[in-house]
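Architecture and fold: a report
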Amino acid sequence: MSRLVFLGVFSLTQPNSSEDTIGDLKKLISAQTGTRWDKIVLKKWYTIFKDHVSLGDYEIHDGMNLELYYQ
């Protein structure tokens with residue numbers, strides 16, 4: 001069982017297409033933080049966002065806060 005380490009709250013401030021996937025967003029965060037994108041976990045409350053689902057499907061938009069974890 002892998003542990004999640006809470007890194008903080010990530011505020012989505014860049015305009016992203018609703019067609020972009022969570023995986024695309026994680027790669028963007030990875031480039032900015034210097035961490036491996038496949039080790040990043042994005043959550044909101046108890047929902048863990050899946051890499052292949054689009055931002056639009058999760059209704060993620062500009063100005064939204066997401067919890068950022070490292071696995």
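Heads up: the structure comes first, above all this text.
Cut-offs used in this document
Residues numbered from 1 in each chain as written. Predicted model: local features only at pLDDT ≥ 70, side-chain atom pairs only at ≥ 80, totals over all residues. Heavy atoms only, no water. Salt bridge = Lys/Arg side-chain N within 4 Å of Asp/Glu carboxyl O. Helix = DSSP H or I, 4+ residues; strand = E, 2+ residues; numbered from the N terminus. Buried < 20%, exposed > 50% of the residue type's maximum accessible area, 1.4 Å probe, protein only. Phe/Tyr/Trp six-rings, centres within 6.5 Å; stacked < 30°, edge-to-face > 60°. Lys NZ or Arg CZ within 6 Å of the ring centre and 35° of its normal. Expected span 1.5 Å × (residues − 1). Arc of directions from axis to C-beta.

1. Focus: the pattern of salt bridges
Applying the stated rule across the entire model yields two salt bridges. Taking the shortest distance from any N to any O, the salt bridge between Asp51 and Lys26 comes out at 2.7 Å. Note that Asp51 is positioned in the loop between β3 (47-48) and β4 (65-70) and Lys26 in helix α1 (residues 22-33), a separation of 25 residues in sequence. The partly exposed category is assigned to Asp51, whose relative accessible area is 29%. A relative accessible area of 6% means that Lys26 is categorised as buried. Note that Arg36 and Asp38 form a salt bridge whose closest N and O atoms lie 2.9 Å from each other. Exposure remark for Asp38: the relative accessible area of 40% places this residue in the partly exposed category.

2. Considering unusual backbone geometry
Within the chain, Trp45 stands out as a residue other than glycine whose phi angle is a positive 55°. Among the secondary structure elements, Trp45 is positioned in the loop between β2 (40-44) and β3. What makes Trp45 exposed here is its relative accessible area of 65%. A positive phi angle, close to 60°, is found at Glu59, a residue other than glycine. Tracing the backbone shows Glu59 in the loop between β3 and β4. Owing to a relative accessible area of 63%, Glu59 belongs among the exposed residues under this scheme.

3. So, the packing of aromatic side chains
Scanning all chains against the criterion turns up one aromatic pair. Ring centres of Phe49 and Tyr58 lie 4.6 Å apart, and the angle between their planes is 65°; on these two criteria the pair is classed as edge-to-face. The ring of Trp37 carries Lys27 above its face, with NZ or CZ at 4.7 Å from the centroid. Its guanidinium or amino end placed over the ring of Tyr69, Lys43 lies 5.0 Å from that ring's centre, counting from NZ or CZ.

4. Some points on α1
Between the first and last C-alpha of α1 there are 16 Å, a value that for 12 residues agrees with the 16 Å anticipated at 1.5 Å per step. When we look at burial in α1, the residues that qualify are Ile22, Gly23, Leu25, Lys26, Ile29 and Ser30. Buried residues along α1 cover an arc of 155° about the axis, so they all sit on one side. Backbone geometry just after α1 places Gly34 at a positive phi near 80°.

The analysis is restricted to geometry; functional conclusions fall outside its scope.
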